[in-house]
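Secondary and tertiary structure notes
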Amino acid sequence: MKKQLLITTLLIFLTLCKSIFAANEIDIVTYADFSHIRDITVSMNSVYFATTEGIIQYDKFSESWQQPLTGAPGVDYQNIFKLYIDQFDRKLYARTEMSSYEYDILFKSWFYTDNIPELENHSYEVAPSRIMYVPDGYLYTGDGTVQDFNGYVYPINKMIDDGSGMRWLSLWGKGAARASISDIIEFLPYGLLQNRVNKIFYSDGVIVVGGDNIGSTHTGITFFDYDNNEFQYKESGLTFEFPDEDISCFEEDENYLYVGTAGGLFLLDIETLEVKQKITERHGLIDDQLLSLKKVEDKLYIGTENGLQILSGDSDSLSVVFSNQFQNHDIYDFELTDTTLWIASEVGAYQLNLSTNELKKFQDPHKIIFSSAFNIERAGANLFIASQNGMIRLNLKTGVTSPYISNAHGSNFRALAVNDDVAFISTDYGFNLFYLDESGYDNEREFTTSEGLPSQFIYDLLLDGDYLWIGSDQGLSLFYWNDPDRID
């Protein structure tokens, strides 16, 4: 009796420990470049792929991707090299070079284990066939390698037969695929083109991201339909019309998706995504290094590392504006409020009256914005301006300002996302959450890699209701910031 009571008490204690652990971890999932797969394991219902950026899961019966297991705490998911699943999806294990882990489905967490048991599983590894059929634009060489017409080579480094005749493949650098019993290969694209996310842009229900091309085989623009968990791509570097330049900003109208890069401005057809026009210094840009874009009626305001420029109407008229204030200075961001365009720049925040064309520098009574204004966002009647020391909230109706001083420094840039109740601002170690009140003090909560962020280097933030999109050098993350179970 005492032994049974002791066991029951121990189980309750472990459950409480798991609950407390889960409550302190943030609810986050990260989407990244999942094209490099180390291992595959297959159950009756699902296929799990261990990629260099975490585990992704494919449902065999619905023929659709499920949410990746990239936010679950407790395991170094970027270094998983071996996966194990039982036939009926009841147990999932992972192995890194240092340790072994079991996945807890209830708590969505990994826990260390010193033993991975023998699991019943009917799948088995097979070698690629000598003859396989690949999609148009690709070539199968007969030695387990797929090539495309741009010279990229994708070796098949893993092929698992699930016992029904369907084979599941890893093409290193291309990602997941499957092959029918007739050896017809079908690619199963999932994830980002590249890990680095500089800009997150919302367009008609789709998340659009772009970034730097550091260490990426494929580069360009990723379009993420979150509701359907599907990805589409506009790959760069395949043609002279759209080279593999670092992407820094987006804007759109009914005709074009405007893409600001380190090599100029690209106008893509909003429907076909074909490049309709490219504008660089050769065509009149003051600087090819673009930082920000804002469309206002028939004018496109262009922020560069060398000042402010306007592209008018017919996309052929370029003019440099306010060179005395902005020449040789970065233009980081724009925000439109009624008849005023707000400008965040290396030399502070400015108001441009669009009716009178009068430019006026914003005077911060709290001295938080003493040099650069990095970002400007609007929420209802309030405007927020981010700087190194924190941010200012300006009530556009009353003119009242409230300072929010950040305890965590932001040395080079401050990404910003706001609504009526909270504001998020990036720091050198992650980001801070401000619960907005009138004081501006002692109301912030810091989130770093210790709380579950994939990286301390945050380049963009976008609020989406109870969720926050986070762009970093480790991909695109979705954070459930309004989780009632989290302990702050």
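Residues numbered from 1 in each chain as written. Predicted model: local features only at pLDDT ≥ 70, side-chain atom pairs only at ≥ 80, totals over all residues. Heavy atoms only, no water.

What to know about unusual backbone geometry
Positive phi values are uncommon outside glycine, yet E63 reaches one of about 55 degrees. Within the secondary structure, E63 is located in the loop between β4 (54-59) and β5 (64-65). Phi angles above zero are rare outside glycine, and N328 is one such case at about 65 degrees. As for its position among the elements, N328 is in the loop between α2 (323-326) and β29 (331-337). (Helix = DSSP H or I, 4+ residues; strand = E, 2+ residues; numbered from the N terminus.)

Quick notes on the sheet that holds strand β38 (residues 422-427)
In spatial order, the strands read β37-β38-β39-β40; together these four strands make up an open sheet with antiparallel pairing. The strands lining the two open edges of the sheet, one partner per strand, are β37 (416-418) and β40 (444-448). Looking at each pair of strands side by side, their axes are set apart by 20 degrees on average, direction ignored. Sheet analysis places strand β39 (residues 430-435) next to β40, joined by five bridges and oriented antiparallel. Bridged to F431 within β40 is F447. (Pairing = 2+ DSSP bridges. Axes fitted to C-alpha atoms, helices over the stretch in contact; angles between N-to-C directions.)

Focus on the packing of aromatic side chains
Going through the model one piece at a time under the given rule, you end up with 33 aromatic pairs. The positively charged end of K174 is found above the aromatic ring belonging to F187, 5.1 Å away from the centroid. Against the face of F447 rests R445, its NZ or CZ located 4.1 Å from the ring centre. (Phe/Tyr/Trp six-rings, centres within 6.5 Å; stacked < 30°, edge-to-face > 60°. Lys NZ or Arg CZ within 6 Å of the ring centre and 35° of its normal.)

As for the side chain of T222
Looking at where T222 falls in the secondary structure, it is placed in strand β19 (residues 219-225). Judged by its relative accessible area of 2%, T222 falls in the buried class. Within the structure, the side chain of T222 is placed 3.1 Å from the backbone nitrogen of L193, a separation counted as a polar contact. Those residues in contact with T222, other than ones at most four positions away along the chain, are G191, L192, L193, I207, V208, V209, F231, Q232 and Y233. (Buried < 20%, exposed > 50% of the residue type's maximum accessible area, 1.4 Å probe, protein only. Polar contact = N/O pair within 3.5 Å; in protein donor to acceptor, adjacent residues only side chain to side chain. Contact = heavy atoms within 4.5 Å.)

Things to note about the confidence of the model for the chain
In this model, the chain carries a mean pLDDT of 90, and residues with pLDDT of at least 70 account for 92%. Overall, residues 1-24 carries pLDDT values under 50, and its contacts beyond four positions in sequence, including any with other chains, amount to eleven contacts. (pLDDT = per-residue confidence, 0-100.)

Focus on a nonpolar patch on the surface
A cluster of nonpolar side chains, namely M44, F61 and F88, defines an oily patch on the protein surface of about 320 Å² accessible area. Note that F61 resides in the loop between β4 and β5. (Patch = residues over 30% accessible without salt bridge, like charges linked within 9 Å, V, L, I, M, F, W, Y side chains within 5 Å. Areas by Shrake-Rupley, 256 points an atom, 1.4 Å probe, with all protein chains shown as cover. Salt bridge = Lys/Arg side-chain N within 4 Å of Asp/Glu carboxyl O.)

Let's talk about the pattern of salt bridges
Opposite charge on two side chains permits them to pair, given that their charged atoms come into close proximity. Per the stated rule, a full pass over the model turns up 14 salt bridges. Between D86 and R90 there is a salt bridge; the shortest N-O distance is 3.3 Å. The shortest N-O distance in the salt bridge between R196 and D212 comes to 3.3 Å. Here R196, found in the loop between β16 (185-187) and β17 (199-203), pairs with D212, found in the loop between β18 (206-210) and β19; they are 16 residues apart in sequence, far enough to count as distant.

Some thoughts on the environment of R95
Locating R95 in the fold gives a position in strand β7 (residues 92-95). R95 sits 15 residues away from I80 along the chain, and the two C-alpha atoms are 5.7 Å apart. Once residues within four sequence positions are removed from consideration, R95 is found in contact with N79, I80, F81, K82, Y84, S100 and I116. A polar side-chain atom of R95 sits 2.9 Å from a polar atom in the side chain of S100.

Notes on the side chain of S236
Residue placement: S236 occurs in strand β20 (residues 230-236). Separated by 2.6 Å, the side chains of S236 and T219 make a polar contact. Engagement of the side chain of S236 in a polar contact is seen with the backbone nitrogen of G220, the distance being 3.3 Å. In contact with S236, not counting residues within four places along its chain, are T219, G220, F242, P243 and D244.

Focus on the sheet that holds strand β6 (residues 82-85)
Pairing in this open sheet of four strands is antiparallel, and the strands run β6-β7-β8-β9 from one edge to the other. Lying at the two open borders of the sheet, with one neighbouring strand each, are β6 and β9 (109-113). Ignoring strand direction, the axes of neighbouring strands in this sheet form an average angle of 30 degrees.

A short note on the nonpolar core
Looking at soluble globular proteins, one finds that nonpolar side chains tend to be buried together. Residues I40, F49, W65, W168, W469 and L476 are the most contacted members of the largest nonpolar core, which totals 27 residues. The set of elements that each furnish at least two residues to this core consists of β1 (28-31), β2 (37-42), β3 (46-51), β4, β18 and β43 (475-480). Among the elements that make up this core, the one with the highest residue count is β2 (three residues). The next biggest cluster of nonpolar side chains, apart from the first, holds 16 residues, and it includes A415, V422, F447 and L468. (Core = buried A, V, L, I, M, F, W, Y, C linked by side-chain atoms within 4.5 Å.)

Focus: the pairing of strand β23 (residues 264-269)
Among the six residues of β23, six are classified as buried, and the element is accordingly described as predominantly covered. By the bridge criterion, six bridges tie strand β22 (residues 256-261) to β23 in an arrangement that is antiparallel. When the sheet's bridge partners are listed, L257 is paired in β23 with L268. From the end of β22 to the start of β23, which pair antiparallel, there are two residues. When β23 meets strand β24 (residues 275-279), the two strands line up antiparallel, connected through four bridges. For F266, the partnering residue across the bridge sits in β24 and is K278.

As for the pairing of strand β12 (residues 145-148)
For a regular strand, side chains alternate in direction, first toward one face of the sheet and then toward the other. Pairing geometry for strand β11 (residues 138-140) and β12, over three bridges, is antiparallel. Within β12, the position partnered with L139 by the bridge is Q147. Connecting β11 to the next strand, β12, in antiparallel fashion are four residues, including G142 with a positive phi near 95 degrees. In this structure, the hairpin formed by β12 and strand β13 (residues 153-161) is closed by a connection of four residues, where G151 is found at a positive phi of approximately 95 degrees.

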